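Chain by chain, the residues:
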Amino acid sequence: MLSNRLLPALQRGLQRRLSLHSVTGHRQCFRTYGLSLPCSLNCVTVCGRKFPSAYLCTDAKTVVKDSHTASAVKLKFDSVIAPDLPIDEKFSDLNAIEANVRRRNINLDARQLHSDYCQFLQLEKEKYSLERQRRENADTMKHVMKEKGRHFESESNELKRRGKLIKDNLKQLQDEKYHALYKRVVCDILKIPIDLHPDTPDADVVCSEFGDKPNFSFQPLNHLSLGQNMRFLNIQSDVEGTFYLLNEAAILEHHLMTRVAGSHLRAHGLQQFVCPDMVKAFVVEGCGFNVCEMLEMENKGGAQNQMKNSDSEENLGKSRDHNLLLTGVSCFGFAAYLTAMNIQDSSLPLKYYSVGRNYMPVKNKELGLYSASQASCAAMFGVAPSAVAADRIFDEFLSITLSLYKKLRTVPFRVVQVGASNLRLMEAKRVDFYVWSAGFGSYFKLGELRLCNDYISRRLAIQHYGSDPGKGEDSCSNKNYVYTVDGVIIKFPSIVASLMESFQSKDGTCSMPKFN
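Residues numbered from 1 in each chain as written. Predicted model: local features only at pLDDT ≥ 70, side-chain atom pairs only at ≥ 80, totals over all residues. Heavy atoms only, no water.

## Points about the packing of aromatic side chains
Inclusion rule: The aromatic pairing rule takes the rings of Phe, Tyr and Trp, using the six-membered ring of Trp, and pairs them if the centres are within 6.5 Å, calling planes under 30 degrees apart stacked, those over 60 edge-to-face and the rest tilted. Counting from the N terminus, the helices are the DSSP runs of H or I reaching at least four residues and the strands are the DSSP runs of E reaching at least two. Each residue is assigned to one of three classes by its accessible area relative to the maximum for its type, calculated with a 1.4 Å probe on protein chains only: buried under 20%, partly exposed between the two thresholds, exposed over 50%. Two conditions define a charge located above a ring, namely a distance within 6 Å from the ring centre to NZ of Lys or CZ of Arg, and an angle within 35 degrees of the ring normal.
Scanning the entire structure with this criterion turns up 18 aromatic pairs. Judged by centre distance (6.1 Å) and plane angle (80 degrees), the rings of Tyr370 and Phe440 are edge-to-face. Linking Tyr370 in the loop between β10 (350-359) and β11 (374-384) with Phe440 in the loop between β13 (429-437) and β14 (442-453), this pair joins segments that are 70 residues apart in sequence. Its relative accessible area of 28% is what places Phe440 among the partly exposed residues. One aromatic cluster is present, formed by Phe273, Phe334, Tyr337, Tyr352 and Phe381 through successive ring pairs. Over the ring of Trp436 we find Lys213; its NZ or CZ atom is 4.1 Å from the centre of that ring.

## Notes on the nonpolar core
Most often, soluble globular proteins have nonpolar side chains that are buried together. Rule in force here: Nonpolar cores are built from buried Ala, Val, Leu, Ile, Met, Phe, Trp, Tyr and Cys residues. Side-chain atoms within 4.5 Å join them into one set. Note on definitions: a residue-residue contact is assigned when non-hydrogen atoms from the two residues lie within 4.5 Å.
Of all hydrophobic cores here, the largest spans 55 residues; its most connected members are Leu256, Leu408, Phe413, Ile490 and Ile495. Broken down by element, this core gets its largest block of residues, ten residues, from helix α14 (residues 387-407). Beyond its immediate stretch of four places on either side in the chain, Leu256 contacts Ala261, Gly262, Leu408, Phe492, Ile495, Val496 and Phe515. In this structure, Ala281, Ala335, Tyr337 and Cys377 belong to the second largest nonpolar core, which totals 41 residues.

## So, the packing of helix α7 (residues 223-230) against helix α16 (residues 492-502)
To be explicit about the condition: Only C-alpha atoms enter the line fits that serve as axes; for helices the fit covers just the stretch in contact. Angles between N-to-C directions range over 0 to 180 degrees. Our angle categories are set so that under 35 degrees counts as roughly parallel, over 145 as roughly antiparallel, 65 to 115 as roughly perpendicular, and the remainder as oblique. Each residue gets one label: Ala, Val, Leu, Ile, Met, Phe, Trp, Tyr, Cys and Pro are nonpolar, Asp, Glu, Lys and Arg are charged, and the others, such as Gly, are polar.
Contact pair α7 / α16: the axes reach a minimum separation of 9 Å and the direction vectors enclose 80 degrees. Compared by their axis directions, α7 and α16 come out roughly perpendicular. For the pair formed by α7 and α16, the contact residues are His223, Leu226 and Gly227 on the first element and Ala497, Met500 and Glu501 on the second. Across the contact of α7 with α16, the residue classes tally to three nonpolar, two polar and one charged.

## Some details on the confidence of the model for the chain
Do not read the fine detail of predicted coordinates wherever pLDDT is low. What counts is decided by this rule: pLDDT expresses how confident the predictor is about each individual residue, on a scale running from 0 to 100.
Across the chain, pLDDT averages 79, with 74% of residues at or above 70. Below a pLDDT of 50 lies the segment residues 58-73, which in the model reaches 46 contacts outside its immediate sequence neighbourhood of four places, other chains included.

## What to know about the environment of Leu325
Structurally, Leu325 can be placed in strand β8 (residues 324-326). The exposure class assigned to Leu325 is buried, which follows from its relative accessible area of 2%. Through-space distance from the C-alpha of Leu325 to that of Val291 is 8.6 Å; in sequence the pair is 34 residues apart.

Here is the structure:
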């Protein structure tokens, strides 16, 4: 049940947020929404039009400007939800931006971007001036025609000539300089990463390992062979990276999802949440992910080659609308729900979890369940009013995750503090979790937990307020952005695969352990 304090804030947010779509028939969705699209796709396609960023899609005309810019001319975003970025605040310390991108190993010239941004603002001033002159000329023309009629034809012709000249100058400015520079500046500004957390190292650091690796007197098989032998696994050949778990493996996966992970997260006070299967493209980009990368797959495999024979890349680009993306249980579902929401401080922090299906592009089909295109998983999402509170939630979520892993004591795990050079743009700090594969003799990534601070909230307008809206200094009219922590902390098929490989016998069979 929602508290009486939280309910009004949720109702206000629900009035503004976008409708979310849920679908059935996951295999069909894979074909429709891009996990088999050619890797040459380099734009977001909406209604047949291509855009280099979801924030440049002009299907809506919401203009939310940079609140930290002192000048009258500011950067605009033509999207459903426009990001509120502290652009001038960032550019006030170019050395800090350069140090940040250097540690992250990002190819971004901060000084060139600042120069382009200043040039764009100058062009915006010229554009605004020409538009103002055009309106004034049109108003004068209306006045002349109304008050003086056709007796002042020469004056009317002069106003028409002047209006055409202004229109031509405005068109020339937009065609030659403005639009190209605008797109470049917006795309590059969105690449500026969030400030790193003080605890973030330069390179990956292994924090801990627990669970004993199994020793075999024979060459162990991987779960693909074991799954076929035991009828635990059915790999689908028509859609790359999809599978079915059968018999004991399916029962174990369900038990891990509901009785182990679900019960564990509820016991620690997290509120259950149902993520939608699909979200809008701008939500994915607002969370810091490249929409194009979400649509890409390696150009390998028979399924993709068959698809390319029937649909050319050109036809795919024209016919497919990429404004909706199949994501499932992930940070995107939580973020979509909270988009444009204003939350009262007394309701914070929010701590959610979700258990369900997660979708991602296949990276290596040879790894089977360790790199499946769809996998059941558990995810957490936390919302805090400040960076300090978000740090506390991060530590709490990390402790909850490690205690969950220790319940699975028969599986070897590794915990890694990710270095700055391997962080994504939205991540101030991240911890990765790995599971041991006896069949492949290597660790594979199982989940992650990340601290994003106000990166997501600024791009998706997720705010908080301290008192009743419109009363006092601290009202909802002030833009106070929340701080977020999230992560897909465990993927259950990878656990099942590791257990199959760890509890195998020389004759090519395996047994599944029992968990309370």
